[in-house]
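Structural description and commentary
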Amino acid sequence: TGVQTCALPISVCAAAVILPPACRIPGVNDSKQLSERQRERLYPVILREALAVAVGLASAEEIDSLNILQATKLAAARALSALQIPPDYVLLDALTLPQLSFPQKAIVRGDCVSQSIAAASIIAKVTRDRLMRLYALEFPEYSFESHKGYPTRLHYERIRQYGLCSIHRRSFIDLGLFDRGCRRSQTCLQSAQQIQSASSEQTLAQLEDTLRLHKGLLPPAEIRELEELVEQRKNALREVR
């Protein structure tokens, strides 16, 4: 089982891939050595050929709380625990997971020498790039669809212009230079408006169901804020009775 992580200023994405014995997928290599088009082409091939594939994430908030190394290990452990088939042996790219009950081996530049780690690197990168395209809809000011969250000149220019948003990790950026508040996602702002204008507890219950669906996308801090806003609105409606 190959495990690879993709850590950027936003979050960490890890993937675990179990390939059949002697499986060789032409073109599979370290994701950093491939173009976006090549990764997107190989992604469904890996899903088809692999015995099992899983992804684990660690949020920006978890990175700030734990540090980047521990959050990376957390994402990798989540990916492994999500596999539908338990691994016999785990190959990791320059990473060790002491809490694992499976035999493991850390390989420096493992995505260059292990087919399963290289496949995992492609799954992690494609998954994370697709996630950034979704975030681009939530935070259109930052052009995430262009730089995918990497610390490019464009990314820094947008942060200077708009400040940080709720998916940026504070431990990566000089807050004295950039932090002018925290910009919320479009979905968070829209949800807050809907909650504040809700006229019945039934409507609030429906909004709570919608919040549960957003938990995989919205930052944990935004979910907590919206949940607190729901409770405040419920209490306000009860006082009016």
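Conventions adopted
Residues numbered from 1 in each chain as written. Predicted model: local features only at pLDDT ≥ 70, side-chain atom pairs only at ≥ 80, totals over all residues. Heavy atoms only, no water. Helix = DSSP H or I, 4+ residues; strand = E, 2+ residues; numbered from the N terminus. Buried < 20%, exposed > 50% of the residue type's maximum accessible area, 1.4 Å probe, protein only. Contact = heavy atoms within 4.5 Å. Areas by Shrake-Rupley, 256 points an atom, 1.4 Å probe, with all protein chains shown as cover. Lys, Arg positive; Asp, Glu negative; His and termini not counted. Charge placed at Lys NZ, Arg CZ, Asp CG, Glu CD. Phe/Tyr/Trp six-rings, centres within 6.5 Å; stacked < 30°, edge-to-face > 60°. 1 Å grid on protein atoms, 1.4 Å probe; cavity = no way out; pocket = protein on both sides within 12 Å on 5 of 7 lines; lining within 4 Å. Points joined across faces, edges and corners; volume = space filled by probe spheres on them. Nonpolar A, V, L, I, M, F, W, Y, C, P; charged D, E, K, R; others polar.

This part is about the overall build of the chain. Across its full length, the chain carries ten helices and seven strands. In terms of overall dimensions, the chain has a C-alpha envelope of 70 × 40 × 35 Å along the principal axes. Each of the 241 residues in the chain was classed as buried or not, and the buried ones make up 47%. When contacts within the chain are restricted to residue pairs at least 6 apart in sequence, long-range pairs at least 24 apart make up 59% of them. For the chain, the computed accessible surface area is about 12,200 Å², with 51% contributed by carbon and sulfur atoms. Seen as two clouds, the 30 positive and the 26 negative side-chain charges of the chain have centres 5 Å apart.

Okay, the packing of aromatic side chains next. Under the criterion given, the structure shown has five aromatic pairs. Judged by centre distance (6.5 Å) and plane angle (70°), the ring pair of F139 and Y142 falls under edge-to-face. Exposure remark for Y142: the relative accessible area of 0% places this residue in the buried category. Taken together, a centroid distance of 5.5 Å and an interplanar angle of 10° make the contact between Y142 and F144 stacked. Here F144 falls in the buried class, since its relative accessible area comes to 0%. Each residue in the set Y135, F139, Y142, F144 and Y162 is aromatic and connected to the rest through ring pairs, giving one cluster.

Turning to empty space enclosed by the protein, a few remarks are in order. If you walk through the whole model with that rule in mind, you get one cavity of 30 Å³ or more. Counting only elements with at least two residues in the lining of the largest cavity, the list comes to α8 (186–197) and α9 (201–214). By residue class, the composition of the lining of the largest cavity is three nonpolar, three polar and no charged.

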